[in-house]
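Residues per chain are reported as follows:
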Amino acid sequence: MSLHTIALVVNGERQETQVSARRLLADLLRDDLHLTGTKRGCETGVCGACSVLVDGEVVKSCLSLAVHADGCAITTVEGLARGDELHPVQDAFMRCGGLQCGYCTPGFVMASCALLAKNPHPTEHEVRKGLNGNLCRCTGYSQIVESVMDAAEMMQKNVQEKVPHGN
């Protein structure tokens with residue numbers, strides 16, 4: 001089996017490792033880098049539990065080869081918080097009940113972050129459409145959508161507070 005040396009930035013830290021040509025990105029993240037927030041769900045790309053950001057785009061890591069991540073920046077759910085301060089999406093999921101068992105939550109959080117980066121003011125319909133690649137068996141989606149809408153509002157408030165006002 002051929003080994004390939006890859007270099008990538010995971011949650012802000014440069015990583016260099018050898019992987020087989022068929023090693024999945026999900027396996028690299030979970031088993032080699034011990035970032036277990038990325039869940040293996042269906043392993044067919046249907047459920048979205050394995051979603052991570054690769055150069056800011058949502059990628060289902062159970063379908064992605066690790067060698068294709070060479071030179072990329074990857075963000076997992078572990079890379080969102082800053083110390084003890086949760087990312088607004090993580091905070092909103094907790095406050096609004098957007099998680100139940102928590103298994104699908106990392107994938108939803110990552111997809112939500114990508115959605116809000118592209119569309120900071122989504123409508124409910126846009127949130128539902130943006131998260132349609134993720135499945136949850138517990139919440140019925142209402143609280144997940146509410147969480148994303150709340151996070152969008154929180155993030156907008158944070159931006160407005162940082163913008164200097166005219167004298």
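Worth saying up front: this structure is predicted, and the values here are computed from it rather than measured.

Thresholds, definitions, all that
The numbering scheme is per chain: residues are counted from 1 as the chain's sequence reads. Predicted model: local features are reported for residues with pLDDT of at least 70 only, side-chain atom pairs are reported and counted for 80 or more only, and whole-chain, interface and lining totals are derived from all residues. Side-chain calculation: all heavy atoms of the structure are included, whereas hydrogens and water are not. The salt bridge criterion pairs a side-chain nitrogen of Lys or Arg with a carboxyl oxygen of Asp or Glu, the two atoms within 4 Å. Three labels apply to residues, based on accessible area from a 1.4 Å probe with only protein chains included: buried if under 20% of the type maximum, exposed if over 50%, partly exposed otherwise in between. In DSSP terms, a helix is any run of H or I states spanning at least four residues, a strand is any run of E spanning at least two, and both are numbered starting from the N terminus. Here, any two strands with at least 2 DSSP bridges between them count as paired. Axis lines are fitted to C-alpha atoms, over the contacting stretch for helices. Their N-to-C directions set the angle, which ranges from 0 to 180 degrees. In this scheme, roughly parallel covers angles under 35 degrees and roughly antiparallel covers those over 145, while 65 to 115 is roughly perpendicular and the rest are oblique. Each crossing gets its hand from how the near helix is turned against the far one by less than a right angle, where anticlockwise is left-handed and clockwise is right-handed. Whether two residues are in contact is decided by their heavy atoms, any of which lying within 4.5 Å being enough. Residue polarity is assigned by list, with Asp, Glu, Lys and Arg as charged and Ala, Val, Leu, Ile, Met, Phe, Trp, Tyr, Cys and Pro as nonpolar; anything else, Gly included, falls into the polar class. Throughout, nonpolar core names a set of buried Ala, Val, Leu, Ile, Met, Phe, Trp, Tyr and Cys residues whose side chains join them through atoms within 4.5 Å.

Asks: Could you give an account of the pattern of salt bridges, with specific residues and numbers?
Replies: The full count for this structure, using the stated rule, is 9 salt bridges. Between Asp 31 and Arg 23 there is a salt bridge, with its nearest N and O atoms 3.9 Å apart. Among the residues examined, Asp 31 registers a relative accessible area of 38% and is labelled partly exposed. Assessed through its relative accessible area of 23%, Arg 23 is described here as partly exposed. Here Arg 128 and Glu 124 are joined by a salt bridge, their closest N and O atoms 3.2 Å apart. Remark: Glu 124 and Arg 128 occur in helix H4 (residues 124-130); sequence separation between them is 4 residues, near one turn of the helix. Overall, the relative accessible area of 37% leaves Arg 128 in the partly exposed class. Residues joined in a network through salt bridges with shared partners are Arg 23, Asp 27, Asp 31, Asp 32 and Arg 40.

Asks: Explain the sheet that holds strand S3 (residues 51-54) to me, using residue names and the numbers behind them.
Replies: One open sheet holds the 5 strands; their spatial order is S2-S1-S5-S3-S4, and the pairing between them is mixed. Whereas interior strands pair on both sides, the edge strands pair on one side only; in this sheet they are strand S2 (13-20) and strand S4 (57-60). The average undirected angle you get between the axes of adjacent strands in this sheet is 40 degrees. Here 2 bridges tie S3 to strand S5 (residues 73-75), and the two strands are oriented antiparallel to one another.

Asks: If you had to explain the packing of helix H2 (residues 88-96) against helix H5 (residues 142-162) to someone new, which residues and values would you point to?
Replies: Axis separation between H2 and H5 bottoms out at 8 Å; the angle between their running directions is 135 degrees. By the angle between their axes, H2 is oblique relative to H5. Judged by the twist between their axes, the crossing of H2 over H5 is right-handed. Contact with H2, carried on its side by Pro 88, Val 89, Asp 91, Ala 92, Phe 93, Arg 95 and Cys 96, involves Gln 143, Ile 144, Glu 146, Ser 147, Val 148, Asp 150, Ala 151, Met 154, Met 155 and Asn 158 of H5 and no other residues of that element. By residue class, the composition of the contact of H2 with H5 is 10 nonpolar, 3 polar and 4 charged.

Asks: Describe helix H1 (residues 25-32), naming the residues involved and giving the relevant values.
Replies: The element H1 is largely enclosed, with a buried count of 6 among its 8 residues. Buried within H1 are the following residues: Leu 25, Ala 26, Asp 27, Leu 28, Leu 29 and Arg 30. Structurally, H1 contributes buried residues whose contacts are with strand S1 (3-10), S2, S3 and S5. Immediately beyond the C-terminal end of H1, within one or two residues, lies His 34, with a positive phi of roughly 60 degrees.

Asks: Residues and numbers for the nonpolar core, please.
Replies: Val 89, Phe 93, Phe 108, Val 109, Leu 131 and Val 148 are the most contacted members of the largest nonpolar core, which totals 23 residues. Secondary-structure elements contributing two or more residues to this core are H2, helix H3 (105-118) and H5. Setting aside chain neighbours within four positions, we find Val 109 in contact with Val 77, Leu 80, Val 89, Gln 90 and Phe 93. Listed in part, the 14 residues of the second largest apolar core include Ile 6, Leu 25, Leu 29 and Leu 35.

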